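One-letter residues, chain by chain:
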Amino acid sequence: MKKTFEILDHTADIGIIAYGADVKELFSNAALALFSLITEPESVEEKLHLDLEVSSEDRDSLLVEWLNELIYFFDANHILFNRFDIESLTHNELTATCHGEGFDPLKHKIKTGVKAATYHMLKLDKNSDGYKAQIILDI
Amino acid sequence: MTRWQGQLIKIDDYRWKIPETYKTGMRVPGLIYASKEMLESLREEQTPEQVANVAFLPGIVGYSFAMPDIHWGYGFPIGGVAAMDIKDGVVSPGGVGYDINCGVRLLCTSLSEAEVRPRINELINQLFLNVPSGLGSEGKIKVSQKEMNQLMVEGALWAVKRGLGLEEDLDVTEEGGCLSGADPSKVSDKAVKRGMPQAGTLGSGNHFLEIQVVKEIFDSHIASVMGITNIGQVLVLIHTGSRGFGHQICTDHLRVMEQAVLKYGIKLPDRQLACAPIESKEGQDYLAAMACAANYAWVNRQCIAHWVRESFSEILGKSPEKLGMRQIYDVAHNIAKIEEHAINGRNVKVCVHRKGATRAFPAGHKDTPKRYKEVGQPVLVPGDMGRCSFVAVGTEKAMKESFGSTCHGAGRLLSRGAAKRAIRGADVIRELEGRGIIVKAESVSALAEEASQAYKDVTQVIDVVHQAGISRKVAMAVPMGVIKG
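Each chain has its residues counted from 1, running along the sequence as written. Note on labels: chains are lettered from A, ligands numbered from 1, in written order. Two thresholds apply to this predicted model, a pLDDT of at least 70 for residue-level local features and 80 or more for giving and counting side-chain atom pairs, whereas whole-chain, interface and lining totals are computed over all residues.

*Asks:* Before we move on, could you go through the overall build of chain B and cite the residues and values that matter?
*Replies:* Within chain B one finds 16 helices and 19 strands. In terms of its C-alpha atoms, chain B occupies a principal-axis envelope of roughly 65 × 50 × 50 Å. The buried share of chain B, taken over its 485 residues, is 63%. Each residue gets a C-beta atom placed from its backbone, and two residues are in contact if those atoms lie within 7 Å. For chain B, the proportion of contacts with a sequence separation of at least 24, taken over those separated by at least 6, is 77%. Helix and strand assignments come from DSSP, with helices taken as H or I runs of at least 4 residues and strands as E runs of at least 2, each series counted from the N terminus. Any residue with 12 or fewer other C-beta atoms within 10 Å of its own C-beta is exposed, any with 20 or more is buried, and the rest are partly exposed; the C-beta atoms used are placed from the backbone.

Quick look at the structure:
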């Protein structure tokens, strides 16, 4: 099976490495990695969806801002997502529809309280297989 | 992770210097407080490189410091201290951290171990009931948007005015529990939305609430000024910060700083060091928003301290006054402050970044609270839940050398992942119970991440700052009951 993401160890916190055949897939997989740290994505049903627009200065920071936007909806509105349709993506803007449901303590287990995506050791590269990104998360 | 191979020059047994020549662009040398035994583990990660990177920041004066509890952070190391001249220096949100004013508050009691030990389970259960903890936990205090604006400006006083705690608590809180310059208009709606439901909660991660017993007193005079008079006396330690509110403020302003770096042409070795001139709009906006988060964190600890007093009172059937539950002190571990320091014989206003570091002002300093004027400002240094915590005081030497700063805790040794692989949460509970320490946690699996083995021994950390003279040990306490978020 094609790799979608991996979890990376960092002394104080935790990181993710996401893969994608194209940038849209990379962004979608990074978001999946994020929610796989927060909860068990299999336990999340698609009961609601949210249309998001994120903009930033460049593609690297767009990735950080994208994850921070999702973290915000998790922390402020307690929404868990498990599917991300990236509709459009330029070097500094994206629109996406995110599917998931509200946190239910009887149904969902919260594994890690991710609080921010950081610029620390941020990497986004293209190689012969596609794209790869590394993001460290503050928990 | 590759080992750090850079140069460390020994100044004395507890001070190691990274010379300015190590990397082109360093404006000052780095200074790491550490014992010889700590150097090996220090080199295992690129943490000293971060100390060198901080030395690149415009306006930095003296040294880029690292305390002995140093470990790898984002941009700045945790345990880092950097002072920037306010005239030509920068302020960096990374030099404060995401959890703005993460800090600790220590309460004393007149209770003895013998009185509390038989009731420890009841006390811990009551605290668990009364103090909201864990992820997604919401506060017992309902804060409206309007109240949120007041809270950001007033700090701990906001809680005291609502009957949560005593006015005398404010006298023994850093900055009186209110950092001036807070401006809610510099805080995003997102931060407010994250902050409102989380006010008055302990949170998760490394945050905790601990019932402790005094095991050793190193300086009985200073200890008695603090209200610590006997071995076996019971204390309560609260460790929490500004929750999602502080994180959102840091996230929002890092983004602004990213732009500021380009606008002001600042050259940085690491993107996470993003900063802006202190006197620029971007710098001032950050400081105004940071103060809001600092004040929010003080409200948080103020509320929790009140519920701690209530919990003890409910279980033991006596008023908090009868139980001698006075506040010893409350310190910030993650903050940037404008302070005056003597540099080459001249008083200079600097912005001191303390990220995982504690202010350690000496006796006689104008900002040392009245109660501690003759002994120095209390410094609270929590260890991990299986070992011990220390109380110390600030010194003249810290004032002269490290911009009145010292260490803040144990410092991580193992990553969370490594800790989880090596240790099971359930084993942590059993092992601690065997040693008379009751642990109650929202998430048992998360406990492994906070196990003793994941941290450096705080005793070695405090010994370095004590020997180096940047603080003086006063007392040591061990945990008896712990609540982890």
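*Asks:* Tell me about the overall build of chain A, residues and numbers included.
*Replies:* Assigned secondary structure in chain A consists of two helices and eight strands. Moving toward the C terminus, one meets the helices and strands of chain A in the order β-β-α-β-α-β-β-β-β-β. The globule rule puts the C-alpha radius of gyration for 139 residues at 14 Å, and the 14 Å found for chain A is close to it. In chain A, the proportion of contacts linking residues at least 24 apart, taken out of those at least 6 apart, comes to 63%. Radius of gyration means the value over C-alpha atoms here, while the globule rule gives 2.2 Å times the residue count to the 0.38 power.

*Asks:* Outline the confidence of the model for chain A, listing residues and values.
*Replies:* As a per-residue quantity, pLDDT reports the predictor's confidence and falls between 0 and 100. Per-residue pLDDT for chain A averages 92, and the proportion of residues at 70 or more is 98%. Confidence, read as mean pLDDT per element, is least for strand β1 (residues 5-9) of chain A in chain A (88) and greatest for strand β5 (residues 93-102) of chain A (97).

*Asks:* Now, about the sheet that holds strand β4 (residues 60-71) of chain B: what can you tell me, with residues and values included?
*Replies:* Residue and element names in this part refer to chain B. Judged by pairing direction, the sheet is mixed, and its seven strands sit side by side in the order β1-β2-β3-β4-β5-β13-β12 without closing on themselves. Both edges of this open sheet fall to β1 (9-12) and β12 (334-343), since each of them pairs with a single strand only. Between one strand axis and the next, the sheet turns through 25 degrees on average, direction left out of account. Relative to strand β13 (residues 346-355), strand β5 (residues 78-85) runs antiparallel, the two sharing six bridges. Across the sheet, residue Ala82 finds its bridge partner in β13, namely His353. Two strands pair if DSSP finds at least two bridges between them. Lines fitted to C-alpha atoms define the axes here, with helix axes fitted over just the stretch in contact, and angles between the N-to-C directions of these axes take values from 0 to 180 degrees.

*Asks:* Could you give me a rundown of the interface of chain B and chain A, with the residues and numbers involved?
*Replies:* Contact residues are listed per partner, giving 30 residues for chain B and 24 residues for chain A. For the side of chain B that touches chain A, the secondary structure elements donating two or more residues are α8 (189-195), α10 (243-263) and α13 (416-422) of chain B. Counted by class, the side of chain B that touches chain A contains eight nonpolar, 14 polar and eight charged residues. The nonpolar class holds Ala, Val, Leu, Ile, Met, Phe, Trp, Tyr, Cys and Pro. Asp, Glu, Lys and Arg form the charged class, and all remaining residues, Gly among them, are polar.

*Asks:* Could you give an account of helix α2 (residues 47-54) of chain B, with specific residues and numbers?
*Replies:* An α-helical turn contains 3.6 residues, so a residue and the one three or four places further along point in the same direction. All names here are of chain B. Judged by how many residues are buried, α2 sits mostly within the fold: eight of eight residues are covered. When α2 is considered as a whole, its buried residues turn out to be Thr47, Pro48, Glu49, Gln50, Val51, Ala52, Asn53 and Val54. Buried residues along α2 sit in contact with β2 (15-18), β3 (30-33), α1 (36-43), β4 and β5.

*Asks:* So what's going on with the sheet that holds β5 of chain A? Residues and values would help.
*Replies:* Residues and elements named next belong to chain A. Spatially, three strands are ordered β3-β5-β4 in an open sheet, and the strand pairing comes out antiparallel. Unpaired on one side and paired on the other, β3 (48-55) and β4 (79-89) mark the two borders of the sheet. Each strand axis lies, on average, 25 degrees off the axis of its neighbour in the sheet, ignoring direction. With eight bridges joining them, β3 and β5 adopt antiparallel strand pairing. Residue pairing across strands places Leu50 opposite Cys98, the latter belonging to β5. Running over the sheet, helix α1 (residues 23-38) touches β4 and β5 and is turned about 170 degrees from β4. Across the face of the sheet, helix α2 (residues 59-77) comes into contact with β3, β4 and β5 while running at roughly 140 degrees to β3.

*Asks:* Account for the pairing of strand β16 (residues 389-394) of chain B, with residues named and values stated.
*Replies:* All names here are of chain B. Burial of β16 is extensive: six of the six residues sit out of reach of the surface. Summarising the sheet, strand β15 (residues 378-381) and β16 pair through four bridges and their orientation is antiparallel. By the bridge assignment, Pro378 is partnered in β16 with Val393. Of the strand pairs in this sheet, β16 and strand β19 (residues 471-484) are connected by six bridges, and their pairing is antiparallel.

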